[in-house]
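Residues per chain are reported as follows:
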Amino acid sequence: MATVICPGSFDPVTNGHRDIITRASGMFENVIALVVINVSKTPAFTHEERVDMLRKVTADLPNVKVDSYYGLLADYVRESGAAVICKGLRAMSDFEYEFQMALTNKKLVPEADTIFLTTRSENMYLNSSLVKQIALFGGDISEFVPPEVLGDISARLCAPNQKERGEQL
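None of these values were measured; they are calculated from a predicted model.

What to know about the packing of helix α2 (residues 47-57) against helix α6 (residues 147-157)
Next, step 1: One can describe the packing of α2 onto α6 by two numbers: an axis separation of 8 Å at closest approach and a directional angle of 155°. Here α2 is positioned roughly antiparallel relative to α6, judged by the angle of their axes. When α2 is examined against α6, the residues E49, M53, K56 and V57 are found in contact with a partner set consisting of E148, V149, D152, I153 and R156.
Next, step 2: The residue makeup of the contact of α2 with α6, split by class, is four nonpolar, no polar and five charged.

See below:
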């Protein structure tokens with residue numbers, strides 16, 4: 001059976017990410033949750049921290065391996081021998097970007113296909129940037145991120161004093 005790669009920046013991992021990875025693990029024999037290092041983004045967490053959080057979140061999924069990669073996703077797909085890339089979609093705006101990426105990846109690694117899983121309705125609005133913003137201003141993120149990593153995320157993003165946060169910005 002095929003290996004699927006679920007790539008993302010996972011900065012930080014959200015319940016939406018967890019949902020897509022869990023559903024992919026039910027469809028494929030082997031799943032690689034891949035932290036792709038995006039040079040155009042300034043992450044709040046190091047790639048090692050993101051890998052660690054993903055390992056905590058997927059610990060109950062025996063067919064899920066977590067890895068990280070600096071480079072083209074197509075190169076990782078080819079090197080790993082994966083047959084499928086799985087991307088989560090929230091809205092039409094996601095589709096336009098992800099469709100372009102899927103076509104590009106197909107050109108670069110023709111032997112692999114991209115599939116899209118739509119997120120569950122309770123996660124349609126959710127993304128990592130939103131979680132970071134809510135946490136930065138002291139909001140409760142417990143309904144947006146898996147409980148296994150709530151403490152890690154809160155410790156990094158939730159400053160104890162709102163005034164200090166404002167001065168740091």
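Brief notes about the layout of surface pockets
Gaps left between atoms show up when a probe the size of a water molecule is rolled over them.
Next, step 1: In this structure, the largest pocket occupies an estimated 1,300 Å³ of space.
Next, step 2: For the largest pocket, the lining is made up of 47 residues, of which G8, S9, K41, K87 and E98 are closest to its centre.
Next, step 3: Elements with a contribution of two residues or more to the lining of the largest pocket: β1 (3-8), α1 (15-27), α3 (73-80), β4 (84-89), α4 (92-108) and α5 (128-136).
Next, step 4: With nine residues, the top contributor of residues to the lining of the largest pocket is α4.
Next, step 5: Across the lining of the largest pocket, the residue classes tally to 21 nonpolar, 18 polar and eight charged.

Digging into the nonpolar core
Next, step 1: Core analysis: the largest hydrophobic core is formed by 31 residues, its most contacted members being I21, V31, L54 and I153.
Next, step 2: Breaking this core down by element, the ones donating at least two residues are β1, α1, β2 (30-36), α2, β3 (64-69), β4, α5 and α6.
Next, step 3: Here the element with the most residues in this core is α2; it accounts for four residues.
Next, step 4: Residue contacts for I21: discarding those within four places in its chain leaves C6, F10, V31, A33, L54, T58, L61 and V64.
Next, step 5: Judged by nonpolar contacts, the second largest core, of 13 residues, contains I5, Y69, Y76 and A112.

So, the side chain of D19
Next, step 1: Within the secondary structure, D19 is located in helix α1.
Next, step 2: Within the structure, the side chain of D19 is placed 2.8 Å from the side chain of R120, a separation counted as a polar contact.

Observations regarding the pairing of β2
Next, step 1: Taking burial as the measure, the seven residues of β2 include six buried ones, the bulk of the element.
Next, step 2: For β1 and β2, the ladder comprises six bridges, and the chain directions are parallel. Along β2, the bridge assignment pairs I5 with I32.
Next, step 3: Each parallel crossover has a hand, and for β1 linked through α1 to β2 it is right-handed.
Next, step 4: As defined by bridge partners, β2 adjoins β3 across six bridges and the pair is classed as parallel. Looking at β3, one finds that I32 is bridged to K65.
Next, step 5: Viewed along the sheet, the connection from β2 through α2 into β3 turns out right-handed.

Points about the sheet that holds β3
Next, step 1: The sheet built from five strands is open, its strands ordered β3-β2-β1-β4-β5 with parallel pairing. Each of the sheet's edge strands pairs with one partner strand only, and the pair in question is β3 and β5 (113-118). With strand direction ignored, the average angle separating the axes of adjacent strands in the sheet is 30°.
Next, step 2: Looking at chain direction, β4 and β5 are connected through six bridges and run parallel. Paired with L89 across the two strands is T118, which belongs to β5.
Next, step 3: Seen against the sheet, α4 touches β4 and β5 and runs at an angle of roughly 160° to β5.

Cut-off values and rules
Residues numbered from 1 in each chain as written. Predicted model: local features only at pLDDT ≥ 70, side-chain atom pairs only at ≥ 80, totals over all residues. Heavy atoms only, no water. Axes fitted to C-alpha atoms, helices over the stretch in contact; angles between N-to-C directions. Helix = DSSP H or I, 4+ residues; strand = E, 2+ residues; numbered from the N terminus. Parallel < 35°, antiparallel > 145°, perpendicular 65-115°, else oblique. Contact = heavy atoms within 4.5 Å. Nonpolar A, V, L, I, M, F, W, Y, C, P; charged D, E, K, R; others polar. 1 Å grid on protein atoms, 1.4 Å probe; cavity = no way out; pocket = protein on both sides within 12 Å on 5 of 7 lines; lining within 4 Å. Points joined across faces, edges and corners; volume = space filled by probe spheres on them. Core = buried A, V, L, I, M, F, W, Y, C linked by side-chain atoms within 4.5 Å. Buried < 20%, exposed > 50% of the residue type's maximum accessible area, 1.4 Å probe, protein only. Polar contact = N/O pair within 3.5 Å; in protein donor to acceptor, adjacent residues only side chain to side chain. Pairing = 2+ DSSP bridges. Right-handed = clockwise from strand over helix to strand, strands pointing away.

Treat this as a map of the structure, not an account of what it does.
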